[in-house]
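Descriptive structure summary
Spelled out, the chains give:
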Amino acid sequence: MAEKPVLRIGLIGTGFMGKAHVFGFATAQKVFDLPYRLELHTVADVTEEAAARAAADFGFAKATSDWRSMIVDPDIDVIDITAPNALHKDMALAAIAAGKHVYCEKPLAPLAADAQEMARAAAAKGVKTQVGFNYLCNPMLRLAREMIAAGELGEIRGYRGLHAEDYMADATGPWSFRHDPAGGGALADIGSHALATAEFLLGPIIEVMGDCVTMVDSRPDGRGGASPVTVDDVGRAFLRFANGAQGSIEGNWIATGRKMQHDFEVYGTKGALAFSQERFNELHFYSTDDPPGRRGFRRIEASPDHSPYGRFCVAPGHQIGFNDLKAIEVEGYLRAIADESPEPFGFAAGLRVQRLVETVQASSAARQWMTVPV
């Protein structure tokens, strides 16, 4: 058997998402028959000391405080960006210009205009890209989409999506890059997941009516003063889909007590689906075909019947986790790099989500329905 080619990874950023990406690479190699052998080549952080610690902790061969040195390194094949959002554009464009494949955590860029520039550059250069929307890799979401497409719910009438957490619920929490008017706010940060899931399940959203509200109008600036907050703490939108369905989504980062409520409900003429990320190994299905007196939401448990769950566990009910979703995302991306399949969620898809976010924001400001640009 021929030895697999090596794909060398350069990671920029060593926070929570950087660690999640490393877990994804490590796990993917164990559970999938990948087209490449992966090598964790170089990791970059803001200081040499921080980079060296990350290299030791994550298993990278080299460390640097200069991410630009990774871009020009001919040995590195993929640049993986988990740095703060405002840095994504410059890093990605530099990597693309150097002919590197780019794996970028969401959001792709703070503004749709920037995301469009990045998507066009990647397409022109012919490199493969991936944006980190790993919730879409859940076998239960794939099952839900299959059931909807197969007509098991009948004609889809309604949709409700929600992504709620409480990491900004404390009004004394400090101002951060997530509060930057350029690309910040709950809608952009987590409501983007709700929008991506809505289109993943039901197809294109064509019109939106937004309502974005700021509940905490200032936060400590870390220097004894306060910085004003102008971005939304809660972003909501009514939706009209191309298939005729209507619905709503919400992104909320001040939802006290909620840690990961990435939920959806889909209502059709023949049935309904309900899902919660807080119990993401379950999908609940209601069917009008059930006889009277026997109707109710039944639980479908994730199992080896729902690929690729079986790659992680041979038995139903044992469950997969968040980092496993990253591994599934990595596997799909590597197959795209190997030209075995299309990009699962490339820069063009990341641009689409950013356009949805900005259309909701513009609709909220104008207080009227708006058409989503194609």
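This text goes with the structure placed above it.
Read on for a plain summary of the structure.

What counts as what
- The numbers attached to residues start from 1 for each chain and follow its sequence in the written order.
- Thresholds applied to this predicted model are a pLDDT of at least 70 for local features of residues and 80 or more for the giving and counting of side-chain atom pairs; totals over whole chains, interfaces and linings are not thresholded and use all residues.
- To get the side-chain values, all heavy atoms of the structure are used, and hydrogens and water are removed first.
- Per the convention used, a helix needs a DSSP run of H or I reaching at least four residues, while a strand needs a run of E reaching at least two, with both numbered from the N terminus.
- The quantity called the radius of gyration is restricted to C-alpha atoms. Its globule counterpart is 2.2 Å times the number of residues to the power 0.38.
- Burial classes follow relative accessibility: with a 1.4 Å probe on protein chains only, a residue under 20% of its type's maximum area counts as buried, one over 50% as exposed, and anything between as partly exposed.
- In this description, contact between two residues means that some pair of their heavy atoms is separated by no more than 4.5 Å.
- The sign given to each residue is positive for Lys and Arg and negative for Asp and Glu; His and the chain ends receive no count.
- To locate a charge, the coordinates of NZ of Lys, CZ of Arg, CG of Asp or CD of Glu are taken.
- When a carboxyl oxygen of Asp or Glu is within 4 Å of a side-chain nitrogen of Lys or Arg, the pair counts as a salt bridge.
- Aromatic pairs are defined between Phe, Tyr and Trp rings, using the six-membered ring for Trp, whenever the two ring centres lie within 6.5 Å; interplanar angles under 30 degrees are classed as stacked, those over 60 as edge-to-face, and all others as tilted.
- Two strands pair if DSSP finds at least two bridges between them.
- Under this scheme, a helix contributes an axis fitted over its contacting stretch, all axes are lines through C-alpha atoms, and angles between N-to-C directions fall in the 0 to 180 degree range.

Regarding the overall build of the protein chain
Helix and strand counts for the protein chain come out as ten helices and 17 strands. In terms of overall dimensions, the protein chain is globule-like: its C-alpha atoms have a radius of gyration of 21 Å, near the 21 Å expected for 374 residues. Seen through its principal axes, the protein chain has C-alpha atoms that stretch 65 × 60 × 40 Å. Here the protein chain holds 374 residues, and the buried ones make up 55% of them. By sequence separation, contacts in the protein chain at least 24 residues apart represent 68% of the contacts at least 6 residues apart. Between the averaged position of the 37 positive side-chain charges in the protein chain and that of its 47 negative side-chain charges there is a distance of 3 Å.

Overview of the pattern of salt bridges
Evaluated as defined, the whole model comprises 23 salt bridges. A salt bridge links Glu3 to Arg37; the nearest nitrogen and oxygen atoms lie 3.1 Å apart. With a gap of 34 residues between them, Glu3 in the segment before β1 (6–12) and Arg37 in strand β2 (residues 37–44) connect regions that are remote in the sequence. Relative accessible area serves as the criterion here: at 64%, Glu3 is assigned to the exposed category. Taking the relative accessible area as the measure of exposure, Arg37 reaches 37% and is therefore partly exposed. Residue Glu265 is joined to Arg160 by a salt bridge in which the shortest nitrogen-to-oxygen separation is 2.5 Å. Residue Glu265 is located in strand β13 (residues 261–268), and its partner Arg160 is located in strand β7 (residues 156–164); the two are separated by 105 residues in the primary sequence. Its relative accessible area of 46% is what places Arg160 among the partly exposed residues. Taken together, the shared-partner salt bridges in this structure form one network comprising Arg279, Glu282, Arg299 and Glu301.

A few points about the packing of aromatic side chains
In this structure the tally under the stated criterion is eleven aromatic pairs. Relative to Tyr333, the ring of Tyr103 has its centre 5.5 Å away and its plane inclined at 50 degrees; by these criteria the two rings are tilted. With Tyr103 in strand β5 (residues 101–105) and Tyr333 in helix α9 (residues 322–337), this residue pair connects regions lying 230 residues apart in the sequence. Residue Tyr103 shares its accessibility class with Tyr333, and that shared class is buried. When the ring of Tyr159 is compared with that of Phe241, the centres are 6.0 Å apart and the planes differ by 70 degrees; the resulting orientation is edge-to-face. On the criterion of sequence distance, the pair formed by Tyr159 in strand β7 and Phe241 in strand β11 (residues 234–241) is long-range, its members being 82 residues apart. Judged by relative accessible area, which is 3%, Phe241 ranks as buried.

Some remarks on the sheet that holds β11
Spatial strand order, β16-β15-β14-β13-β7-β12-β11-β8-β17: nine strands in an open sheet with mixed pairing. The outermost strands of the open sheet, each flanked by one partner alone, are β16 (298–301) and β17 (370–371). Across five bridges, the pairing between β13 and strand β14 (residues 271–276) is antiparallel. Paired with Val266 across the two strands is Leu273, which belongs to β14. The strands touched by helix α10 (residues 347–366) are β8 (205–213), β11 and β17; relative to β8, the strand with the most contacts, the crossing angle is about 55 degrees.

Here's the deal with the side chain of His88
With respect to the helices, strands and loops of the structure, His88 is situated in helix α4 (residues 88–97). Assessed through its relative accessible area of 0%, His88 is described here as buried.

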